Amino acid sequence: MNQIPSRIDALRALMHDLRISAFLVPSTDAHQNEYVPAWWRRREWLTGFTGSAGDAVVTLDDARLWTDSRYYLQAEEQLVNSGITLMKSGTPGVLKMSEWLGSTLGKGDRVGFDPDVLSRKTYNELSEDLASEYVELIPVEENPIDEIWTERPGVSSRPVRVLGEASAGEPVRDKLNRVRERMHTEGADVHVSSSLDGIAWLFNLRGEDVDYNPVFLSHAAVSMESAYMFIAEDKVDSSVRAELEGLVELRPYGEISDFLQDCQAQQLRVWADPAAVSHRLAPETGVLSRSPVTELKAVKNPVELNGFRRAHVEDGIAMVEFIRWLEEQVPQGQVTEVSAAEYLLRCRQKRDGFVGPSFNTISSYGPHGAMNHYAVTEDSNIPLGRDSLYLVDSGGQYEFGTTDITRTFCFGDPSPQQVEMYTRVLKGHIGIATLSFPQGTDGKQIDLAARRPLWDAGKNFGHGTGHGIGHYLNVHEGPVSISPRSQDVAFAVGHVVSNEPGYYEDGDYGIRIENLLAVVPDDDTSGLPFLKFENLTRCPIATNLIDVGLLDATERAWINAFHQTVDEALTEHLDDSSRHWLSERTQLL
């Protein structure tokens, strides 16, 4: 029985008591996490939509959910009979949330929101838009969903662990000093952060409170003399206390609000990132801009980069075992989307340093591949066959690095269109991988290189080409990316990004090819300082889907060189049969 309509009705009854005409239900939590802990998954519980991006609005007689192109098909399926209308963000003619509220509500109506989960940036944008329609945005101190969510999961109490300087590459003291240098430049007395990956990086700690991300629930503050971590006391053992002794003072998780009120009373200038701090915690005045930790964390040091390289060798060994198994088992009709994902996890679990997946594996065959963030369930699970394409997007968290890789396979005879589209996606992938670009270049400027081969055929893909990657941290990390919507952040030596162009034929198949790249100096140029990419991923790319005639000489040379690198990196770690298999899969085109 679909319980979503009754949940929405119960929420509306509480909205009536609160005298609000609409209530915002964003996908975010108190830390603006991409992967939200079960305790805070209010939007998922209320709507039934499980995608990682999507915001809902409930009015007294309507309900809407906005999500982006990655989740259109998934949302359409999951919202059936829910009474919730899907709003496809970015589609021509589809109103933004604020526009829809302004056109739906009347003058003087009130829109409620939870000040602990709505970021200050989102609040400012919505408040300004709604004010022009004379609609008021008001905080609701107790989230009404919590009253009707009677079986709400508990908060994680898993312990925090020390990463250590040997893996982090930099001591906590030095990281704090670099943050303080940025604070001095901005004239800030205190920097406050709720970003869990930033806190984990700053204090050289890791945790298990968020699925796939080795982070822990906490807030942090840094002053010119001290640093503070606000965290549940039972999560911190003697090893963590020893690591932070003399550098970081521990305080209870809930005291962050009182701390900031004290800062305000002392007229201290607080720096907070409006996109990463809740409306409740963000100061009314001060420095409201991107956190210095976000930028410092994105530039990996030599130890972190070597950790990435090691992680990708381990991951490549696992992928070789997985692909061999697929090639043997799929033709026999023995593999499903679920069993493939489970086998891949077992392959990774054998590898040195493996901690867990870096995100929920996208194991998608045929039409499911067209849903570029498809999440297989027991109900949606289908066998892998020989008459379409299999797309698998997966990754691992290793103690020394994070991986993210996508490969697309055909275990039968691909159609001419599939071969052409795969080859065009590969050409875009190579276009990014081989690019040399001047310092100061950002992701918007190079995104074209991935799309040009598809544009030449009148095709495109709706997602970004690449995202930043954390070092044994979040698989999606800002501020760098490769996308038409990238922030104006120039690439720098030490940045690590994904390279994942794709193509999706609705209802039929999907294609994506993804490697991870590190930004390194390009010493082969003269004149202006130039940068280029180093491929980190060590796994062959399927060649039975390539139309070699569509590749130029540079592109053929790249894939031959890439495969030689993969073979050299993995061969010594493989048994004889796997070594022979890899040699065959990395033959020159």
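Residues numbered from 1 in each chain as written. Predicted model: local features only at pLDDT ≥ 70, side-chain atom pairs only at ≥ 80, totals over all residues. Heavy atoms only, no water.

Considerations on the pattern of salt bridges
Inference 1: Summed over all chains, the structure comprises 37 salt bridges.
Inference 2: Ionic pairing is found between Glu125 and Lys121, a salt bridge with its closest N-O pair at 2.8 Å. With Glu125 and Lys121 both in helix H5 (residues 120–131) and 4 residues apart, this pair spans about one turn of that helix.
Inference 3: Classification of Lys121 as partly exposed rests on a relative accessible area of 40%.
Inference 4: Asp447 is the partner of Arg451 in a salt bridge, and the nearest nitrogen-oxygen pair spans 2.5 Å. Placement of both Arg451 and Asp447 in helix H16 (residues 443–455) is noted, with a separation of 4 residues, approximately one turn of the helix.
Inference 5: With relative accessibility at 4%, the residue Arg451 sits in the buried group.
Inference 6: In this structure, a network of salt bridges that share partners links the residues Arg42, Asp114, Asp146 and Arg152. (Salt bridge = Lys/Arg side-chain N within 4 Å of Asp/Glu carboxyl O. Helix = DSSP H or I, 4+ residues; strand = E, 2+ residues; numbered from the N terminus. Buried < 20%, exposed > 50% of the residue type's maximum accessible area, 1.4 Å probe, protein only.)

Remarks on the nonpolar core
Inference 1: Within the largest apolar cluster, 57 residues are counted, with the highest numbers of intra-cluster contacts made by Phe322, Leu326 and Tyr390.
Inference 2: With 9 residues, helix H13 (residues 302–329) is the single largest residue contributor to this core.
Inference 3: Contacts of Tyr390, omitting those with residues within four sequence positions, involve Phe322, Leu326, Ala340, Ser363, Ser364, Tyr365, Leu384, Arg407, Thr408, Phe409 and Phe411. (Core = buried A, V, L, I, M, F, W, Y, C linked by side-chain atoms within 4.5 Å. Contact = heavy atoms within 4.5 Å.)

A word on unusual backbone geometry
Inference 1: Put simply, Gly478 and Pro479 share a cis peptide bond, and its omega is 5°.
Inference 2: Look at Gln32: it is not a glycine, yet its phi comes out positive at around 55°.
Inference 3: The residue Tyr134 is not glycine, and still its phi comes out positive at about 60°.
Inference 4: Along the chain, Tyr134 turns up in the loop between H5 and strand E6 (136–139).
Inference 5: On the basis of relative accessibility, which here comes to 56%, the residue Tyr134 falls in the exposed class.

Thoughts on the domain arrangement of the protein
A common measure of how large an interface is: the accessible area buried when the components associate.
Inference 1: One can read the domain layout of the protein as domain 1 (3–148), domain 2 (161–290) and domain 3 (302–586).
Inference 2: A straight line from the C-alpha centre of domain 1 to that of domain 3 covers 34 Å.
Inference 3: Taken together, the contact pairs 8 residues of domain 1 with 10 residues of domain 3.
Inference 4: Across the interface of domain 1 and domain 3, roughly 830 Å² is buried in total on both sides, 53% from carbon and sulfur atoms.
Inference 5: Broken down residue by residue, the surface that domain 1 buries against domain 3 is led by Tyr35, Arg70 and Leu73, which jointly contribute 53%.
Inference 6: Across the contact surface, domain 1 and domain 3 share 0 salt bridges.
Inference 7: Inspection of the region where domain 1 meets domain 3 yields 3 residue pairs in polar contact (both at pLDDT 80 or more). (Domains from an automatic or database assignment. Buried area = accessible area lost by both parts, 1.4 Å probe. Polar contact = N/O pair within 3.5 Å; in protein donor to acceptor, adjacent residues only side chain to side chain.)

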